[in-house]
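Residue strings, one per chain:
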Amino acid sequence: MARRRYPKISQGTDGLWHAWVVVGTKTNGRPDQRHVKRATAEEVEERVDELLDQKKAGQVVKAGRGVSVAAWLDTYLTDVAPRRCDPTTVQGYASKMRLYVLPVIGKTRLDRLKPDQLDRVYVEMQRAGRAEATILQVHRILSRALEVAYRRGMMPRNPAKLIDAPTAKRQEIKPLTEDEAVKVLAAAAGSRNAARWSVGLALGLRQGEALGLRWSYVDLDAGEIRVWWQLHRRAHEHGCGTPPTCGRRRAGNCPERTLRLRSGEQHLGGGLLLKEPKGKGKRTVPIPPELVAALKAHREVQQLERMVAEDSYAKHDLVFADVNGSPVDPARDWDAWHALLKSAGVRRARVHDGRHTAATLLLAQGVGLRVVQEILGHSSVTVTQGYAHVASAMARDATQRMGSSLLKKPGTP
């Protein structure tokens with residue numbers, strides 16, 4: 001194998017070491033020559049090696065001063081990611097990049113980013129006690145942003161593909177038991193919007209899907225609910241310009257704040273809006289007869305509230321709303337759930353655990369995976385299968401309890 005020939009490396013009058021490397025030919029036919037200067041000859045040799053490797057692989061980055069990681073992430077999150085992601089999702093991405101990535105590698109030139117620098121980002125997050133799932137999410141966001149930069153010729157390779165991705169253990173599903181679910185519904189009986197919890201536990205609707213449910217999508221005669229919308233809170237954005245000129249740090253305090261809506265979304269006031277469910281969430285769900293009766297009673301109460309409020313009643317057509325017809329804020333819904341658990345004497349659980357409860361109870365009763373997937377709107381049956389082991393344990397426990405009850409010895413109390 002022929003020995004690689006290095007260009008001449010010499011020290012200049014400025015005290016730095018210099019070299020000129022030919023990496024190809026420009027469009028005008030002249031040599032594409034790059035100037036390398038560093039504090040030591042060893043650093044120059046390292047950079048020369050990188051350029052020659054890029055030349056050999058045909059991956060030489062375009063000439064010109066490279067942008068920083070911070071500058072590219074700003075471009076990616078402003079102009080690229082919003083084309084595929086919900087604005088709230090992009091805001092979450094930006095927050096994670098600002099908190100965990102920029103302090104470590106933000107000033108690094110994009111075309112000089114190395115795999116070990118990404119490792120350092122994740123190690124710093126581990127030392128700060130961040131969850132494994134959060135570290136993995138940061139890696140995925142960063143990997144996608146760097147892949148786009150690589151495809152656009154801004155860097156010779158995607159360093160995120162040269163390291164092992166962080167691992168995260170699957171979060172254990174902790175649904176309510178059947179007895180706990182019954183206690184919760186018993187505690188909710190007689191309270192305002194009690195049917196909201198019946199819908200959540202019986203049909204497995206997501207919080208946003210339950211709060212975004214509208215009467216025009218509920219057919220009580222046919223016993224069907226069309227889950228076509230979900231209530232969502234989205235942060236406001238500055239409307240005074242880029243960069244902001246209002247002098248307010250928080251976009252919510254900007255006098256000209258705006259809420260970015262996507263096609264088909266409906267603004268209900270404040271930061272609340274209606275949008276289509278994620279993934280394959282748009283679906284039609286059958287309603288159990290007992291729940292039909294509960295919803296009819298709930299509608300009668302709501303009609304009385306509408307008569308009392310008269311013209312001040314909001315015309316959002318929401319099934320679960322405040323006394324004036326306005327949407328129920330998800331944060332207040334969360335508080336109401338925890339107050340209900342406390343009243344029922346049931347352990348603390350997330351609102352989303354009600355959805356887990358519906359999934360496991362359906363499977364425990366022998367409902368097929370595909371049917372449960374359709375009812376819950378899972379994007380893949382693989383997601384539904386994640387509940388199978390919990391449901392199997394519940395079904396086995398129920399069988400044992402029934403067996404001990406039916407097969408006990410005569411005369412045994």
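Parameters at a glance
Residues numbered from 1 in each chain as written. Predicted model: local features only at pLDDT ≥ 70, side-chain atom pairs only at ≥ 80, totals over all residues. Heavy atoms only, no water. Helix = DSSP H or I, 4+ residues; strand = E, 2+ residues; numbered from the N terminus. Pairing = 2+ DSSP bridges. pLDDT = per-residue confidence, 0-100. Contact = heavy atoms within 4.5 Å. Axes fitted to C-alpha atoms, helices over the stretch in contact; angles between N-to-C directions. Parallel < 35°, antiparallel > 145°, perpendicular 65-115°, else oblique. Nonpolar A, V, L, I, M, F, W, Y, C, P; charged D, E, K, R; others polar. Buried < 20%, exposed > 50% of the residue type's maximum accessible area, 1.4 Å probe, protein only. Phe/Tyr/Trp six-rings, centres within 6.5 Å; stacked < 30°, edge-to-face > 60°. Lys NZ or Arg CZ within 6 Å of the ring centre and 35° of its normal. Salt bridge = Lys/Arg side-chain N within 4 Å of Asp/Glu carboxyl O. Core = buried A, V, L, I, M, F, W, Y, C linked by side-chain atoms within 4.5 Å.

(A) Here's a closer look at the environment of histidine 378. Structurally, the position occupied by histidine 378 is in the loop between α12 (369-376) and α13 (381-385). Counting along the chain gives 100 residues from histidine 378 to lysine 278, while the straight-line C-alpha distance between them is 9.4 Å.

(B) Main features of the pairing of strand β2 (residues 17-25). Across two bridges, strand β1 (residues 10-11) lies against β2 in antiparallel orientation. Of the residues in β2, the one forming a bridge with serine 10 is histidine 18. Between β1 and β2, which pair antiparallel in sequence order, lie five residues; one of them, glycine 15, sits at a positive phi of approximately 85 degrees.

(C) View of the confidence of the model for the protein. Confidence in the prediction for the protein averages 84 pLDDT; 86% of positions are at 70 or higher. Averaged over each element, pLDDT in the protein is lowest for helix α14 (residues 388-406) (48) and highest for helix α4 (residues 115-127) (95). Counting interchain partners and residues more than four positions distant, the pLDDT-below-50 stretch residues 398-410 has two contacts.

(D) Spatial organisation of the packing of helix α7 (residues 195-203) against helix α10 (residues 330-344). At their nearest, the axes of α7 and α10 sit 12 Å apart, and the two run at 85 degrees to each other. Considering the angle they form, α7 stands roughly perpendicular to α10. Contacts between α7 and α10 involve Arg196, Trp197 and Leu201 from the first element and Asp333, Ala336, Trp337 and Leu340 from the second. Considered class by class, the residues forming the contact of α7 with α10 number five nonpolar, no polar and two charged.

(E) Molecular detail of the side chain of arginine 47. Along the chain, the position of arginine 47 falls in helix α1 (residues 41-57). Judged by relative accessible area, which is 11%, arginine 47 ranks as buried. Beyond its immediate sequence surroundings of up to four residues, arginine 47 is in contact with Val36, Arg38, Gln54, Asp111 and Arg112.

(F) Main features of the environment of glycine 223. Relative to the assigned elements, glycine 223 resides in the loop between β4 (218-219) and β5 (224-227). Sequence-wise, glycine 223 and proline 286 are 63 residues apart; in three dimensions their C-alpha atoms are separated by 5.8 Å. If we skip the residues at most four places from it in the chain, glycine 223 touches Val285, Pro286, Ile287 and Val292.

(G) Fine view of the packing of aromatic side chains. Throughout the structure, instances matching the rule amount to three aromatic pairs. Judged by centre distance (6.3 Å) and plane angle (45 degrees), the ring pair of tryptophan 72 and tyrosine 76 falls under tilted. Note that tryptophan 72 and tyrosine 76 are positioned in helix α2 (residues 69-80) at a spacing of four residues, about one turn of the helix. Like tyrosine 76, tryptophan 72 is buried. The residue whose ring lies beneath arginine 226 is tryptophan 228, and the NZ or CZ to ring-centre distance is 4.9 Å. Sitting above the plane of the tryptophan 228 ring, lysine 282 keeps its charged end 4.8 Å from the centroid.

(H) Just the pattern of salt bridges, in detail. By the definition in use, this model includes 20 salt bridges. Across the salt bridge formed by arginine 47 and glutamate 50, the nearest N and O atoms sit 2.9 Å from each other. Linking arginine 47 with glutamate 50, this pair stays in helix α1, spanning three residues, or about one helical turn. Across the salt bridge formed by arginine 347 and glutamate 180, the nearest N and O atoms sit 3.5 Å from each other. Of the two residues, arginine 347 is situated in the loop between α10 and α11 (353-364) and glutamate 180 in helix α6 (residues 178-188); the sequence distance between them amounts to 167 residues.

(I) Expanded view of the pairing of strand β7 (residues 266-269). Sheet topology places β7 next to strand β8 (residues 272-275); three bridges connect them, and they run antiparallel. When the bridges of β8 are listed, glutamine 266 appears paired with leucine 274. Between the end of β7 and the start of β8, which pair antiparallel, lie two residues, with glycine 270 showing a positive phi angle near 60 degrees.

(J) Expanded view of the sheet that holds β1. Strand order in the open sheet formed by three strands is β1-β2-β3, and the pairing between neighbours is antiparallel. In this open sheet, the two edge strands, each paired with only one partner strand, are β1 and β3 (31-38). For β2 and β3, the ladder comprises eight bridges, and the chain directions are antiparallel. Residue tryptophan 17 lies in a different strand from β3, and its bridge partner there is arginine 38.

(K) Spatial organisation of the nonpolar core. Residues Leu118 and Leu142 are the most contacted members of the largest nonpolar core, which totals 31 residues. Elements with a minimum of two residues in this core: α2, α3 (87-105), α4 and α5 (132-151). Residue contributions to this core peak at eight residues, all from α5. Setting aside residues up to four positions removed in sequence, leucine 118 forms contacts with Ile105, Leu113, Leu142, Leu146, Pro159, Ala160 and Ile163. With 23 residues, the next largest nonpolar core counts Leu203, Leu213, Leu295 and Ile375 among its residues.

(L) How the structure looks around unusual backbone geometry. One non-glycine residue, asparagine 193, lies in positive phi territory at about 60 degrees. For asparagine 193, a relative accessible area of 13% translates into the label buried. Residues other than glycine seldom take positive phi values, yet aspartate 317 does so here, at roughly 65 degrees. When its relative accessible area of 30% is taken as the criterion, aspartate 317 is described as partly exposed.

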